[in-house]
Structures are given as C-alpha cells and as structure tokens.
Amino acid sequence: MLIDILTLFPGMFEGPFNESIIKRAIERGLVTIRIHNIRDWATDRHRTVDDYPYGGGAGMVLKPDVLVAAIEAVRGDDGYVILLTPQGRVFTQQIARELAQKPHLVLVCGHYEGVDERVCQLAVDDEISIGDYVLTGGELAAMVVVDATVRLIPGVLGDQASLQEESHSSGLLEYPHYTRPAEFRGLRVPEVLLSGHHAEIARWRRRESLRRTLERRPDLLEKAPLTAEDRKLLEEIRAEKAQAAKQERQAAAQVDAGTQDTAQPQDA
Ligand code: ADE
C-alpha cells in the first residue's frame, strides 16, 4: 500500500511512523508512507497557503489552488483522497477494513478554520473524523487512520488470529486478559483460565466479551452478529445483574434501617 500525507507540519509525523509495528511494516515493504509539505505547492514568494474567509469571521482558510495542486500532484490515477475533518463520517473498525483494501491513500490534513469548500468538491473522495471533538489540525487524526488501517494489511501483524478476537472486529469488546502471577495483590485470575479446558475457556471468554459490551457499550450489541447461544448467555448475564442489583438494594435498605434505629434515641 502507498500512503501520501499532505500536511503543513511534516515534522509531526517523525515519531509515530518510526516506532514499533508501523516502522516494521515500512521496513518490510508492506507499506510506503510519503509525507509532503503543502507549502511546497504555494506559488507566491511568501509561500502563502491560507487566506481570510469570504464573508468575514474568525480564522483562516486553506487556499483551494494550493491544496488542489498538491492533491493532484500526488494522487496519480489510483489515489483515494481523504480529508481529515471533524465534519467527516466517524472513523470505525469497519472503515479501517475498507481502507486497508485500497492500494493508495492520500490523507489531507486540514488546519486553521478549514479548507475551501471547492477542494472537497473537486479533489476529495471521502471525509473522515476520528470523533466528536476538535483537534488543532488533521495530523493526529491522519496518524490514527494510518495506524488502524496499516495493522490490517496482511503480514503486518505476526499473529493474524489475534485480529479475529480483538475488540470491535467481531462487533463486541474483547474479554479481559491475564498473565502470571495467578494471584496479584489479593486478586486471583479466574479459575477457568488455569484449567486447561479449551472449550470452557472459549465459552468463558465469549461470555465476558458479551458482559463487557453490555456494561460498557450496549449500543454495539444492536449491530453485533449474535448467535442463539450468545443471546442465551446475554439473558443469563442480565438475570445475574438484576439479582446482584436486588441484593445491593436489600443490603442498602438494611444499612438504612440500622442507622434509623441508632438515630432515634439521639433525636428523642
Ligand atoms: N481535525 C480537527 N478535528 C478533527 C477530528 N475530530 N477528526 C479529524 N480531523 C480533525
């Protein structure tokens, strides 16, 4: 895969792509990442890249002539051009999978108040946001998109099985992990994981994965592909939780009754 990144701050990319898995993927030729300075396409002697917004208002806008020239210079005939912007579709694992299929990505990092709208009309295929918050520019968002996408390219991760099990790939959050020691500061690793019983372990993991998703991201359960067995496990988990909540209410009521008993003589 070829990835071109257009930015006003090329130095920001020096760290993240020179470490760990992405670095190894580059060294092994699985991905080529080229960083370009948008300013190289400015045409005046001040190398101007931005201008005041028509209609007035705060901030500056990236000039369409400079940005379109930069995009056209790198996109070739197969570049899929993505603008990073808080107004884009929200990035997900599914979008990362989509992008991992493409031979050539061009990531355009917006800055200032944004880019001239005509750039989107003329030269952008897709607009992506990494979440509902505003960054100072698209660079960190581009790094997130590159990281999540490149690790899905076949061969980049050593163990492809871990891709199947990780959070979001199945539409659910991942189960909890443990390593030695079996007891740490009074907390024991769940016994089933020490049992060596593979079917039981798989069932426990699926259950915990469902439990986590129910507790932390119930919205994901609506779209996740669940089996009949999963639905049964979910019902068990819900029943357990309802039971635990009931016991908690009863315990709280007992504590309440206790404090009232001791409070009355003092009030009298
Ligand atoms: N640029 C500024 N904020 C952003 C966001 N949330 N996602 C993508 N690009 C951005």
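On a predicted model such as this, the values are computed, not experimentally measured, just so you know.

Comments concerning the nonpolar core
Counting residues in each nonpolar core, the largest one holds 40 residues, and the members touching the most others are Ile82, Leu84, Leu107, Val108 and Ala142. Ranked by the residues each element gives to this core, the list is headed by helix α5 (residues 139-150), at 6 residues. When residues no more than four places from it in sequence are discounted, the contact partners of Ala142 are Ile5, Leu84, Leu107 and Cys109.

With respect to the environment of Gln94
Here Gln94 lies in helix α3 (residues 93-100). Given 12 C-beta atoms within 10 Å, Gln94 falls into the exposed group.

Some points on the domain arrangement of the protein chain
Note on interface size: it is often stated as the accessible area lost on association of the parts. When the domains of the protein chain are assigned, the result is domain 1 (2-150) and domain 2 (170-268). Taking the mean C-alpha position of each, domain 1 and domain 2 sit 42 Å from one another.

Examining the pairing of strand β5 (residues 80-90)
Bridge count for β5 against strand β6 (residues 104-109) is 5 bridges, and the pairing is parallel. Bridging across to β6, Leu84 finds its partner in Cys109. Of the crossover connections in this fold, the one passing from β5 over α3 to the parallel β6 is right-handed. By the bridge criterion, 5 bridges tie β5 to strand β8 (residues 126-129) in an arrangement that is parallel. Following the sheet pairing, Ile82 is matched in β8 by Asp126.

Some points on unusual backbone geometry
Here the bond from Arg180 into Pro181 is cis, since omega is 5°, no more than 30 degrees from zero. Secondary-structure assignment places Pro181 in the loop between α6 (160-165) and β9 (183-184). Phi is positive for Arg47, close to 55°, though the residue is something other than glycine. Within the secondary structure, Arg47 is located in the loop between β2 (32-37) and β3 (50-51). Within the chain, Arg185 stands out as a residue other than glycine whose phi angle is a positive 50°. Looking at where Arg185 falls in the secondary structure, it is placed in the loop between β9 and β10 (187-188). What makes Arg185 exposed here is the crowd of 5 C-beta atoms within 10 Å.

Points about the site of the ligand
Around the ligand sit 13 residues in total, of which Leu84, Pro86, Ser129, Leu135 and Ala141 are the nearest. In terms of residue count, the dominant contributor to the shell around the ligand is β5 (3 residues). For the shell around the ligand, the per-class residue count stands at 7 nonpolar, 6 polar and no charged.

Quick notes on the rules
Residues numbered from 1 in each chain as written. Predicted model: local features only at pLDDT ≥ 70, side-chain atom pairs only at ≥ 80, totals over all residues. Core = buried A, V, L, I, M, F, W, Y, C linked by C-beta atoms within 7 Å. Buried ≥ 20, exposed ≤ 12 C-beta atoms within 10 Å, placed from the backbone. Helix = DSSP H or I, 4+ residues; strand = E, 2+ residues; numbered from the N terminus. Contact = placed C-beta atoms within 7 Å. Domains from an automatic or database assignment. Pairing = 2+ DSSP bridges. Right-handed = clockwise from strand over helix to strand, strands pointing away. Near = placed C-beta within 6 Å. Nonpolar A, V, L, I, M, F, W, Y, C, P; charged D, E, K, R; others polar.

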